[in-house]
Amino acid sequence: MVKRVSMVLLTMVLAIVALFLAAKNPTGPNTVSFDEPFILWISLGILVVLFLPPLILSFFNNLAVKIISTIYQVFIVLTFLGLIPVGFMIPSTSVIVIGALGTVSSICSIIVTILVEIKN
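What counts, and where the lines are drawn
The residue numbering used here restarts from 1 in each chain and proceeds along that chain's sequence as written. pLDDT decides what is reported in this predicted model: residues at 70 or higher carry local features, side-chain atom pairs at 80 or more are listed and counted, and totals for whole chains, interfaces and linings draw on all residues regardless. Water and hydrogen atoms were dropped before computing side-chain values, which therefore reflect all heavy atoms in the structure. Starting at the N terminus, helices and strands are each numbered in turn, a helix being any DSSP run of H or I of at least four residues and a strand any DSSP run of E of at least two. Relative accessibility thresholds used throughout: buried, under 20% of the residue-type maximum; exposed, over 50%; partly exposed, between the two (1.4 Å probe, protein chains only). Any two residues whose heavy atoms approach within 4.5 Å at even a single point are treated as in contact. Each accessible area is a Shrake-Rupley result for a 1.4 Å probe, and residues are judged covered by the shown protein chains and nothing else. Convention adopted: a line fitted to C-alpha atoms gives each axis, helices being fitted over their contacting stretch, and angles between N-to-C directions are expressed from 0 to 180 degrees. To sort the angles, those under 35 degrees are grouped as roughly parallel, those over 145 as roughly antiparallel, those from 65 to 115 as roughly perpendicular, and the leftovers as oblique. Note on convention: the crossing is left-handed when the near helix lies turned anticlockwise from the far helix by less than a right angle, right-handed when the turn is clockwise. Lys, Arg, Asp and Glu make up the charged group, whereas Ala, Val, Leu, Ile, Met, Phe, Trp, Tyr, Cys and Pro make up the nonpolar group; the residues left over, Gly among them, are polar. Every helix has an expected span of 1.5 Å times one less than the residues it contains. Here a cavity means grid points, on a 1 Å grid over the protein atoms only, where a 1.4 Å probe fits yet cannot get out; a pocket means an open set of points with protein on both sides within 12 Å along at least five of seven lines; lining residues are those with an atom within 4 Å of a point. Grid points are joined across faces, edges and corners, and a volume is the space filled by probe spheres set on the points. For every residue, the predictor assigns a confidence score, pLDDT, that lies between 0 and 100. Any pair of N or O atoms that falls within 3.5 Å is considered a polar contact. Within protein, one atom must be able to donate a hydrogen and the other to accept it, and sequence-neighbouring residues count only if both atoms are side-chain atoms.

Can you lay out the overall build of the protein chain for me, pointing to particular residues and giving the numbers?
Secondary structure summary: the protein chain contains four helices and zero strands in total. Helices (α) and strands (β) of the protein chain occur, in sequence order from the N terminus, as α-α-α-α. The principal-axis extent of the C-alpha atoms belonging to the protein chain is close to 55 × 30 × 20 Å. When each of the 120 residues of the protein chain is scored for burial, the buried share is 37%. Within the protein chain, contacts between residues at least 6 apart in sequence are counted, and of these 66% link residues at least 24 apart. Working note: accessible area of the protein chain is about 7,300 Å², and carbon and sulfur atoms make up 79% of it.

Quick look at the structure:
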């Protein structure tokens with residue numbers, strides 16, 4: 001259980017870092033930035049709420065719950081994969097690195113979710 005929780009928390013921390021990178025270099029008037037802290041706090045809250053389901057599901061050791069958590073985490077992997085081409089378009093090496101680290105962390109989280117503590 002500790003491994004699953006820590007992997008989900010690591011992925012959430014990487015997503016928060018990606019949010020702060022986006023706030024550091026806003027690309028337009030309708031994006032998150034440090035100039036509007038209320039909007040940044042709302043975005044941070046939404047990000048934490050979106051990571052609550054896999055975090056809560058990581059406490060359970062049921063196969064059906066693990067499958068649901070895995071399916072949810074696949075969408076997180078796809079989101080981090082989407083950051084990589086965005087980093088090439090901006091161009092920003094830090095966004096590419098966070099996208100790659102988030103992808104690797106999310107895939108490792110999926111593997112740990114499925115394989116750790118399987119009941120026979």
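Describe the packing of helix H1 (residues 2–24) against helix H4 (residues 93–115), with residues and values.
Packing of H1 against H4 brings their axes to within 9 Å, and their N-to-C directions diverge by 160°. On the basis of their axis angle, the class for H1 and H4 is roughly antiparallel. Here H1 runs over H4; the crossing is left-handed. Of the residues in H4, those touching H1 at Lys 3, Arg 4, Met 7, Val 8, Leu 10, Thr 11, Leu 14, Val 17, Ala 18 and Leu 21 are Ser 94, Val 95, Ile 98, Leu 101, Gly 102, Ser 105, Ser 106, Cys 108, Ser 109, Val 112 and Thr 113. Of the residues belonging to the contact of H1 with H4, the class tally is twelve nonpolar, seven polar and two charged.

If you had to explain helix H3 (residues 63–89) to someone new, which residues and values would you point to?
Given a rise of 1.5 Å per residue, 27 residues ought to cover 39 Å, and the 40 Å separating the end C-alpha atoms of H3 matches this to within 8%. Along H3, the positions that sit buried rather than exposed are Val 65, Lys 66, Ser 69, Thr 70, Gln 73, Ile 76, Val 77, Phe 80 and Gly 87. If you follow the buried residues of H3, they end up packed against H1, helix H2 (37–57) and H4.

Can you tell me about the environment of Ile 98, naming the residues and giving the values?
Positionally, Ile 98 belongs in helix H4. As a C-alpha pair, Ile 98 and Leu 81 span 17 residues in sequence and 10.0 Å in three-dimensional space. Leaving out residues up to four positions away in the same chain, Ile 98 has contacts with Leu 14, Val 17, Ala 18, Leu 21 and Phe 80.

Provide a residue-level description of the layout of surface pockets, including the pertinent values.
Approximately 530 Å³ is the volume found for the largest pocket. As for the largest pocket, its lining consists of 24 residues, of which Ala 15, Ala 18, Leu 19, Thr 79 and Leu 83 are closest to the centre. With seven residues, the top contributor of residues to the lining of the largest pocket is H3. Counted by class, the lining of the largest pocket contains 19 nonpolar, five polar and no charged residues.

Now, about the confidence of the model for the protein chain: what can you tell me, with residues and values included?
On average, residues of the protein chain score 90 in pLDDT, and 97% of them reach the 70 mark or higher. Predicted confidence in the protein chain is weakest over H1, with a mean pLDDT of 92, and strongest over H2, with 94.

Explain the environment of Thr 31 to me, using residue names and the numbers behind them.
Examined against the element boundaries, Thr 31 turns out to sit in the loop between H1 and H2. A relative accessible area of 33% means that Thr 31 is categorised as partly exposed. Each C-alpha atom, one on Thr 31 and one on Pro 91, is 17 Å from the other, the two residues being 60 residues apart in sequence. There is a polar contact of 2.9 Å between the side chain of Thr 31 and the backbone oxygen of Gly 28.

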